[in-house]
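Inside the fold
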Amino acid sequence: EFKSLLSLGIPITTIGFSHEGCTSVAIDDVEGGRVATKHLTDLGHREIAVLSGQRETAYNFDVSDNRNRGYIEALNHVGVEWNPDYEVRGDFNIYTAEIAMEAFLRRKKLPTAIFCHSDEMAFGALKAIRKKGLRVPEDMSVIGFDDHEFAAVIGLTTVSQPVQFLGQLAASQIMAKIEKPESAIAQMKVPTSLVIRESVLDISQQ
């Protein structure tokens, strides 16, 4: 279906991932993962799990791989080797994240923090953590990604991506392509920002 769209000869812009056949706007997911994990390491965390999203999907959607890459780079920066046992696999939604987190929490030794690749997965993780009788952030810190509209309500620290701005850029790219069809295909990257709330505990002095 995507190839059929490209063959129509009309301007197309993708948001969140890139494709060689059309323009795109996306955030720097590697840097976002690095920023989230660095926030945890700056506060003393060294045993940090990651709740990652689905990887095998269409359109070269490498968001989860890139956020994982930033996570691993930030760990390596403080001399921590990535522990594959600390990766929990979700599917970018609350329900699967909760189920995956419930299974993860059955182990005896738990990390002090978890970086979730999306806020919706963080919501599922929070639900599982509290069902287990653990406290956030006292027993486990949680950081998300996206800055979902409910993140502020529950006090979730997260990496914010400017969704409205991404949409505006995508529309601008389409308009530019309409005006100048021969113009080069642009792949634009937009920075993220860290939003600090109450779900991460500073353990640097412990």
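Our structure's up above, just so we're on the same page.
Residues numbered from 1 in each chain as written. Predicted model: local features only at pLDDT ≥ 70, side-chain atom pairs only at ≥ 80, totals over all residues. Heavy atoms only, no water.

Brief notes about the packing of helix α4 (residues 94-104) against helix α5 (residues 119-131)
- Where α4 contacts α5, the axes come no closer than 7 Å and their chain directions differ by 40 degrees. Relative to α5, the element α4 lies oblique. The element α4 and its partner α5 pack so that their crossing is right-handed. Contacts between α4 and α5 pair I94, A97, E98, M101 and E102 from the former with E120, M121, F123, G124, A125, K127, A128, I129 and K131 from the latter.
- Taken together, the residues that form the contact of α4 with α5 break down as 8 nonpolar, 1 polar and 5 charged. (Axes fitted to C-alpha atoms, helices over the stretch in contact; angles between N-to-C directions. Helix = DSSP H or I, 4+ residues; strand = E, 2+ residues; numbered from the N terminus. Parallel < 35°, antiparallel > 145°, perpendicular 65-115°, else oblique. Left-handed = near helix turned anticlockwise from the far one by under 90°. Contact = heavy atoms within 4.5 Å. Nonpolar A, V, L, I, M, F, W, Y, C, P; charged D, E, K, R; others polar.)

Regarding a nonpolar patch on the surface
- A cluster of nonpolar side chains, namely L5, L8 and I10, defines an oily patch on the protein surface of about 290 Å² accessible area.
- The topology assignment puts I10 in the loop between α1 (2-6) and β1 (13-15).
- Here I10 falls in the partly exposed class, since its relative accessible area comes to 49%. (Patch = residues over 30% accessible without salt bridge, like charges linked within 9 Å, V, L, I, M, F, W, Y side chains within 5 Å. Areas by Shrake-Rupley, 256 points an atom, 1.4 Å probe, with all protein chains shown as cover. Salt bridge = Lys/Arg side-chain N within 4 Å of Asp/Glu carboxyl O. Buried < 20%, exposed > 50% of the residue type's maximum accessible area, 1.4 Å probe, protein only.)

Topic: the packing of helix α2 (residues 29-42) against helix α3 (residues 63-77)
- Interaxial distance between α2 and α3 falls to 7 Å at its minimum, and their mutual angle equals 40 degrees. Viewed along their axes, α2 and α3 adopt a mutual orientation that is oblique. By crossing handedness, the relation of α2 to α3 is classed as right-handed. Contacts between α2 and α3 involve D29, V30, G33, R34, T37 and K38 on the former and, on the latter, V63, N66, R67, R69, G70, Y71, E73, A74 and L75.
- Of the residues assigned to the contact of α2 with α3, the class counts are 5 nonpolar, 4 polar and 6 charged.

Points about the nonpolar core
- In this structure, L51, M101, I114 and V142 are the most contacted members of the largest nonpolar core, which totals 23 residues.
- The dominant element in this core, judged by the number of residues it contributes, is α5, at 7 residues.
- Excluding residues that lie within four positions of it along the chain, V142 makes contacts with I114, C116, A122, L126, I129, V136, L156, T157, S199 and V200.
- Y71, I143, L166 and L169 belong to the second-largest nonpolar core, a separate cluster that totals 20 residues. (Core = buried A, V, L, I, M, F, W, Y, C linked by side-chain atoms within 4.5 Å.)

All quantities given are derived from atomic positions and should not be read as evidence of function.
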